[in-house]
Amino acid sequence: MKISKVIAITMCGILVSGVAFAQKKSGSKKSQEKSVEESYLSNIEDLIITELASSPEYDNKQVALQYLEEAVNDGRTSPDVVAALESLAGEGVTTQSRTNGRITNNYPDIRAKACDLLGQVSSEEAKNTLMTIAQDDKEPMVVSAAVRSLGNIGMNDDNEVINMISFIERKYSALNPTSSLALEILVAYEKLAPSIDDPADKRVMLESISNIAGNYKFVTPVRTKARELLKSLQSGSSSSNAEAEK
């Protein structure tokens with residue numbers, strides 16, 4: 001029996017027992033803070049997630065992502081949960097396993113899903129991990145997920161995220177034009193635009209959007225989106241300048 005089945009069965013038993021125990025106590029202490037038993041179960045769950053995420057088996061990593069998605073959706077982003085997501089986001093890129101010189105843990109779908117979940121964590125650590133993946137990964141689907149999550153997190157201290165996304169746009173436009181990635185870049189720019197104060201950094205973003213708008217290797221809807229965003233951002237700049245001059 002694979003480890004994922006053993007762990008899943010064990011976890012189910014632990015959680016069911018814990019729920020039953022918690023239900024017996026809930027009648028008299030509904031407003032009580034998280035009990036010792038619930039904390040213990042949470043720690044057990046984090047341990048199981050960590051074991052699944054670090055397993056060499058692809059199936060176990062998928063199971064880990066299922067538990068991680070549930071934890072993130074429930075707001076249970078413990079340090080162990082975030083560490084497991086960061087590990088899975090770099091599976092096959094920042095951490096590699098090899099057999100006879102061949103990478104055996106190159107799982108783009110695992111990395112992409114982990115990047116999407118990191119976008120819901122909204123922490124400095126998550127942002128830094130996503131920037132590393134966006135820069136180092138070679139798979140457009142993973143880079144797209146990292147860019148999408150960077151836009152969702154919205155952090156852009158010293159415009160480092162905008163500059164990173166601009167670098168990615170130039171890199172892929174030249175080497176591997178991908179319409180889906182170009183679209184995610186535009187959406188991220190739209191979300192991050194309010195965080196830009198320096199006119200020079202805004203020019204970097206506008207030039208990047210212009211590149212997408214004029215690149216006929218991208219599908220028409222993507223180029224149209226780029227032109228509309230460019231017009232919107234330029235119009236917003238003109239309005240801000242007019243208000244400043246009054």
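Let me begin by describing the structure that accompanies this report. (Residues numbered from 1 in each chain as written. Predicted model: local features only at pLDDT ≥ 70, side-chain atom pairs only at ≥ 80, totals over all residues. Heavy atoms only, no water.)

1. Overview of helix α8 (residues 160-175)
Here is step 1: Taking 1.5 Å of rise per residue, 16 residues should cover 22 Å, and α8 covers 23 Å from first to last C-alpha, within 8% of that figure.
Here is step 2: Considered for burial, the residues of α8 that qualify are Val161, Ile162, Met164, Ile165, Ser166, Ile168, Glu169, Tyr172 and Ser173.
Here is step 3: Structurally, α8 contributes buried residues whose contacts are with α6 (124-136), α7 (140-153), α9 (179-192) and α10 (199-213). (Helix = DSSP H or I, 4+ residues; strand = E, 2+ residues; numbered from the N terminus. Expected span 1.5 Å × (residues − 1). Buried < 20%, exposed > 50% of the residue type's maximum accessible area, 1.4 Å probe, protein only. Contact = heavy atoms within 4.5 Å.)

2. Topic: the nonpolar core
Here is step 1: Leu68, Leu85, Ile168 and Ile209 are the most contacted members of the largest nonpolar core, which totals 64 residues.
Here is step 2: Residue contacts for leucine 85: discarding those within four places in its chain leaves Leu68, Val72, Ala114, Leu117, Leu118 and Val121. (Core = buried A, V, L, I, M, F, W, Y, C linked by side-chain atoms within 4.5 Å.)

3. Some words on the pattern of salt bridges
Here is step 1: For the structure on display, the rule yields 10 salt bridges.
Here is step 2: Across the pair arginine 76 and aspartate 74 runs a salt bridge, and its minimum N-O distance is 3.3 Å.
Here is step 3: The class for arginine 76 is partly exposed, based on a relative accessible area of 29%.
Here is step 4: Notably, a salt bridge pairs arginine 148 with glutamate 184, separated by 2.8 Å at the nearest N-O pair. Here glutamate 184 lies in helix α9 and arginine 148 lies in helix α7, a separation of 36 residues in the sequence. (Salt bridge = Lys/Arg side-chain N within 4 Å of Asp/Glu carboxyl O.)

4. Here's the deal with the packing of helix α3 (residues 58-73) against helix α4 (residues 79-89)
Here is step 1: Two numbers describe how α3 lies on α4: the axes approach to 11 Å, and their chain directions differ by 135°. In terms of their interaxial angle, α3 and α4 are classed as oblique. Seen along the crossing, α3 lies across α4 with a hand that is left-handed. Here α3 contributes Lys61, Ala64, Leu65, Leu68, Ala71 and Val72 to the contact with α4, which in turn contributes Val81, Ala84, Leu85 and Leu88.
Here is step 2: Broken down by class, the residue content of the contact of α3 with α4 amounts to 9 nonpolar, no polar and 1 charged. (Axes fitted to C-alpha atoms, helices over the stretch in contact; angles between N-to-C directions. Parallel < 35°, antiparallel > 145°, perpendicular 65-115°, else oblique. Left-handed = near helix turned anticlockwise from the far one by under 90°. Nonpolar A, V, L, I, M, F, W, Y, C, P; charged D, E, K, R; others polar.)

5. Remarks on the environment of leucine 183
Here is step 1: Tracing the backbone shows leucine 183 in helix α9.
Here is step 2: Through-space distance from the C-alpha of leucine 183 to that of arginine 148 is 9.5 Å; in sequence the pair is 35 residues apart.

6. Here we look at α7
Here is step 1: Its 14 residues place the ends of α7 20 Å apart at the C-alpha level, agreeing with the 20 Å of an ideal helix rising 1.5 Å per residue.
Here is step 2: The element α7 is extensively covered by neighbouring structure, given that 11 of its 14 residues are classed as buried.
Here is step 3: Those residues of α7 lying buried are Pro140, Val142, Val143, Ser144, Ala145, Ala146, Val147, Ser149, Leu150, Gly151 and Ile153.
Here is step 4: Looking at the buried side of α7, the elements it contacts are α5 (108-118), α6, α8 and α9.
Here is step 5: Backbone geometry just after α7 places glycine 154 at a positive phi near 85°.

7. Regarding empty space enclosed by the protein
Here is step 1: On inspection of all chains with the given rule, the structure shows 1 cavity of 30 Å³ or more.
Here is step 2: Roughly 50 Å³ of internal volume is contained in the largest cavity.
Here is step 3: The wall of the largest cavity is formed by Glu169, Tyr172, Ser173, Thr178, Leu181, Ala182, Ile185, Ile212 and Phe218.
Here is step 4: Contributing elements (two or more residues each) for the lining of the largest cavity: α8 and α9. (1 Å grid on protein atoms, 1.4 Å probe; cavity = no way out; pocket = protein on both sides within 12 Å on 5 of 7 lines; lining within 4 Å. Points joined across faces, edges and corners; volume = space filled by probe spheres on them.)

8. Overview of the side chain of aspartate 46
Here is step 1: Looking at the element boundaries, aspartate 46 is found in helix α2 (residues 36-54).
Here is step 2: Buried charge without a salt bridge: aspartate 46, with arginine 76 as the nearest opposite-charge side chain at an N-O distance of 5.6 Å.
Here is step 3: Ignoring any residue separated from it by four or fewer positions in sequence, one finds aspartate 46 in contact with Ser78, Asp80 and Val81. (Lys, Arg positive; Asp, Glu negative; His and termini not counted.)

9. So, the packing of aromatic side chains
Here is step 1: Enumeration over the complete set of coordinates arrives at 1 aromatic pair.
Here is step 2: Aromatic pair tyrosine 58 and tyrosine 107: ring centres 5.0 Å apart, planes at 65°, arrangement edge-to-face. On the criterion of sequence distance, the pair formed by tyrosine 58 in helix α3 and tyrosine 107 in the loop between β2 (102-103) and α5 is long-range, its members being 49 residues apart.
Here is step 3: On the basis of relative accessibility, which here comes to 14%, the residue tyrosine 107 falls in the buried class. (Phe/Tyr/Trp six-rings, centres within 6.5 Å; stacked < 30°, edge-to-face > 60°.)

Worth remembering: the numbers are spatial, not functional.
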